[in-house]
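Listed below are the residues making up each chain.
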Amino acid sequence: MSVEDMTQRAERTDLAALYAEVQQFYAQHMHHLDRGEAEEWAATFTADGVFAPPSAPEPVRGRAALAQGVREAVKELAEAGETRRHILTMLAVRTCSDGSLAVRSYAQIVATPHGGTPALFLMCVCEDILVRQGGRLLVKERRVTRDDRP
Amino acid sequence: MSVEDMTQRAERTDLAALYAEVQQFYAQHMHHLDRGEAEEWAATFTADGVFAPPSAPEPVRGRAALAQGVREAVKELAEAGETRRHILTMLAVRTCSDGSLAVRSYAQIVATPHGGTPALFLMCVCEDILVRQGGRLLVKERRVTRDDRP
Amino acid sequence: MSVEDMTQRAERTDLAALYAEVQQFYAQHMHHLDRGEAEEWAATFTADGVFAPPSAPEPVRGRAALAQGVREAVKELAEAGETRRHILTMLAVRTCSDGSLAVRSYAQIVATPHGGTPALFLMCVCEDILVRQGGRLLVKERRVTRDDRP
């Protein structure tokens, strides 16, 4: 094996470590959201984390506001009798010069009325900046755009 | 690089090895199911594997019963003129104290009538216990819940 | 740890490196396609790359023809006022004896009319041969089959 081959192999192993960690992070993150675990979900953002959702006039800033958003959504979904799932796929992970990760992914939001048929509610693109704090990944910034509002 | 950094790096490499193996396992597992490969699919469960599907009154136990379930589904789908796909995403993988893996994921079941338009048939949560036997992962227990029957 | 355990562990680490690289490759590949980046997308095929789409009478051969196909699709989608996303999941990755990779996956194509509701447009199976050139993965052959035309 040449030095070049070994370097490429090491790079692939590093990418693999990062890529799996990011996938696991998003799985836990979205499971929290879809179970209505407001505090746990907010804790996967940095303390000053910013989420610019596609349907809100202003970005949501900080864990208290992020958790509050989840609690409101939980209430609305309970009243509507509906379960929602957030499915992130096609993750393109890029390490930035400051060590943060820029992750671009597709987000399917599936809505299922209780007693009814599931349907794709929104198709979005999610652009995140993830940072590592205390060994764990956290969302520092999230920008989501809806395919129906290009 | 500090000892702490090295430890975290080793943990991430271990997670990556496991995470990729689990993803590959599920891909092969669901390809078997969706191609109607009843015996091959059943062989990805342990001999005493249990599958608690959301629509059945009782869990299905053991490979013979699991394979029989696939053969019946194949027959029904052929009569209906429909293809189904099982798409597992958002895998959260946790190693239990006994070495088994607890995997929670989202399952989209897509149904396409031949000559027609694909549609989301069911949106489910899949909770598996995977164990390693002879170097290979196998499903020991599966519990699936439907979003329309919360 | 036994020699057998160490060998299996090394194999899993190798699979992980490959699996993450393939996932990242497809994410970038489909982001190019869905953003209409015709040249960039075509450059992720080999120079003599072949794409046998399910709806075309003949396979598309070579980067110029592949890029032209994207430009035509971009024009049609702009006229229709629609955004499309290609979501590849359930990747089963197999290393062939010649070192190429055979990857079988599920492809959901989601179409969102601007101002409207997203819907699953096509459900497909994608069978690729990937090869490594200059350290990068490229698609050498792609065969896509539609679930509505089995």
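Residues numbered from 1 in each chain as written. Chains lettered and ligands numbered in written order. Predicted model: local features only at pLDDT ≥ 70, side-chain atom pairs only at ≥ 80, totals over all residues. Heavy atoms only, no water.

S.K.: Requested: an account of the relation of the copies chain A and chain B, with residues and values cited.
M.R.: Placing chain A over chain B gives an RMSD of 0.0 Å and needs a rotation angle of 120 degrees, together with 0.0 Å of translation along the axis. Such values leave the two copies arranged in the relation of a three-fold axis. No C-alpha of chain A lies nearer the rotation axis than that of Ala-16 of chain A, which sits 3.4 Å from it. (Least-squares fit on C-alpha atoms with pLDDT ≥ 70 in both.)

S.K.: Pulling in residues and values, what's your account of the interface of chain A and chain B?
M.R.: Each partner contributes to the interface: chain A provides 33 residues, whereas chain B provides 25 residues. Interface of chain A and chain B: buried area, both sides summed, is about 2300 Å²; carbon and sulfur atoms make up 58% of it. Here chain A and chain B share 3 salt bridges between them. Arg-85 of chain A serves as the salt-bridge partner of Asp-147 of chain B, at 2.8 Å between the closest nitrogen and oxygen. Our enumeration of links across chain A and chain B arrives at 9 residue pairs in polar contact (both at pLDDT 80 or more). Those elements that place two or more of their residues in the side of chain A that touches chain B are helix 1 (3–34), strand 3 (82–95), strand 4 (101–113) and strand 5 (119–133) of chain A. Per-element accounting of the side of chain A that touches chain B gives the leading share, 14 residues, to helix 1 of chain A. Tallied by class, residues from the side of chain A that touches chain B come to 12 nonpolar, 15 polar and 6 charged. (Contact = heavy atoms within 4.5 Å. Buried area = accessible area lost by both parts, 1.4 Å probe. Salt bridge = Lys/Arg side-chain N within 4 Å of Asp/Glu carboxyl O. Polar contact = N/O pair within 3.5 Å; in protein donor to acceptor, adjacent residues only side chain to side chain. Helix = DSSP H or I, 4+ residues; strand = E, 2+ residues; numbered from the N terminus. Nonpolar A, V, L, I, M, F, W, Y, C, P; charged D, E, K, R; others polar.)

S.K.: Go over the pattern of salt bridges with me, naming the residues and quoting the values.
M.R.: A side chain with one charge may pair with a side chain of the opposite charge, provided their charged atoms come close. The tally for this structure, following the rule as stated, stands at 39 salt bridges over all chains. Lys-140 of chain A is the partner of Asp-48 of chain A in a salt bridge, and the nearest nitrogen-oxygen pair spans 3.8 Å. Of this pair, Asp-48 of chain A sits in strand 1 (residues 45–52) while Lys-140 of chain A sits in strand 6 (residues 136–146), placing them 92 residues apart in sequence. A residue is classified by how much of its surface remains accessible, and Asp-48 of chain A, at 46% relative accessible area, is partly exposed. Relative accessible area serves as the criterion here: at 30%, Lys-140 of chain A is assigned to the partly exposed category. For Arg-142 of chain B, the salt bridge goes to Asp-128 of chain B, with nearest N and O atoms at 2.7 Å. Of the two residues, Arg-142 of chain B is situated in strand 6 (residues 136–146) and Asp-128 of chain B in strand 5 (residues 119–133); the sequence distance between them amounts to 14 residues. Judged by its relative accessible area of 5%, Arg-142 of chain B is buried. Overlapping salt bridges bring together Arg-12 of chain A together with Glu-21 and Arg-132 of chain C as one network. (Buried < 20%, exposed > 50% of the residue type's maximum accessible area, 1.4 Å probe, protein only.)

S.K.: Before we move on, could you go through the sheet that holds strand 6 of chain A and cite the residues and values that matter?
M.R.: Strand order in the open sheet formed by 6 strands is 2-1-6-5-4-3 (chain A), with mixed pairing between adjacent strands. Strands with a single pairing partner mark the edges of an open sheet, and in this sheet they are strand 2 (60–61) and strand 3 of chain A. Taken together, the 11 bridges between strand 4 of chain A and strand 5 of chain A define a ladder with antiparallel strand orientation. The residue of strand 5 of chain A that forms the bridge with Gln-108 of chain A is Met-123 of chain A. The sheet contacts of helix 3 (residues 63–80) of chain A involve strand 1, strand 2, strand 3 and strand 6 of chain A, and relative to strand 1 of chain A the element is tilted by about 55 degrees. Most of the contacts of helix 1 (residues 3–34) of chain C go to strand 3 of chain A, to which it runs at about 100 degrees, and overall it touches strand 3 and strand 4 of chain A. (Pairing = 2+ DSSP bridges. Axes fitted to C-alpha atoms, helices over the stretch in contact; angles between N-to-C directions.)

S.K.: Report on the interface of chain A and chain C, specifying residues and quantitative values.
M.R.: The accessible area lost on association of the parts is a frequent measure of interface size. The partner chain C presents 34 residues to the 25 residues of chain A that form the contact. Taken together, both faces of the contact between chain A and chain C bury some 2300 Å²; the carbon and sulfur share is 58%. Contact with chain C buries surface across chain A, with Arg-12, Met-90 and Tyr-106 of chain A losing the most and accounting together for 26% of the total. Linking chain A to chain C there are 9 residue pairs in polar contact (both at pLDDT 80 or more). Only helix 1, strand 3, strand 4 and strand 5 of chain A provide two or more residues apiece to the side of chain A that touches chain C. Ranked by residue count, the leading element in the side of chain A that touches chain C is helix 1 of chain A, at 8 residues. Of the residues assigned to the side of chain A that touches chain C, the class counts are 14 nonpolar, 6 polar and 5 charged.

S.K.: Give me the lowdown on the relation of the copies chain A and chain C, citing residues and values where you can.
M.R.: Overlaying chain A on chain C yields an RMSD of 0.0 Å, the required transformation being a rotation through 120 degrees with an accompanying axial translation of 0.0 Å. Interface overlap between copies: only 20% of the residues of chain A at the interface are likewise at the interface in chain C, consistent with a contact formed by different surfaces.

S.K.: Could you give me a rundown of the sheet that holds strand 1 (residues 45–52) of chain C, with the residues and numbers involved?
M.R.: Residue and element names in this part refer to chain C. Ordered by their spatial adjacency, 6 strands build an open sheet running 2-1-6-5-4-3, and the pairing between neighbours is mixed. Edge strands, defined here as strands with exactly one partner in the open sheet, are strand 2 (60–61) and strand 3 (82–95). One ladder, built from 2 bridges, connects strand 1 with strand 2; its direction is antiparallel. Each bridged residue has a counterpart across the sheet, and for Phe-51 the counterpart in strand 2 is Val-60. Along the sheet face, helix 3 (residues 63–80) touches strand 1, strand 2, strand 3 and strand 6 (136–146) and points at about 55 degrees away from the line of strand 1.

S.K.: Pulling in residues and values, what's your account of the packing of aromatic side chains?
M.R.: The description of an aromatic ring pair uses the distance of the two centres, along with the angle that the planes make with each other. The final tally for this structure, using the stated rule, is 12 aromatic pairs over all chains. An angle of 65 degrees between the planes, with centres 5.5 Å apart, marks the rings of Phe-25 of chain A and Tyr-26 of chain A as edge-to-face. Each member of the pair, Phe-25 of chain A together with Tyr-26 of chain A, is buried. Their ring planes at 70 degrees and their centres at 4.9 Å tell us that Trp-41 of chain B and Phe-45 of chain B sit as a pair that is edge-to-face. Classification of Phe-45 of chain B by relative accessible area gives buried; the value is 0%. Cluster of aromatic residues (ring-pair linked, three or more members): Trp-41, Phe-45 and Phe-51 of chain A. Looking at Arg-142 of chain A, its charged tip hangs above the ring of Phe-51 of chain A, at a distance of 5.7 Å from the centre. (Phe/Tyr/Trp six-rings, centres within 6.5 Å; stacked < 30°, edge-to-face > 60°. Lys NZ or Arg CZ within 6 Å of the ring centre and 35° of its normal.)

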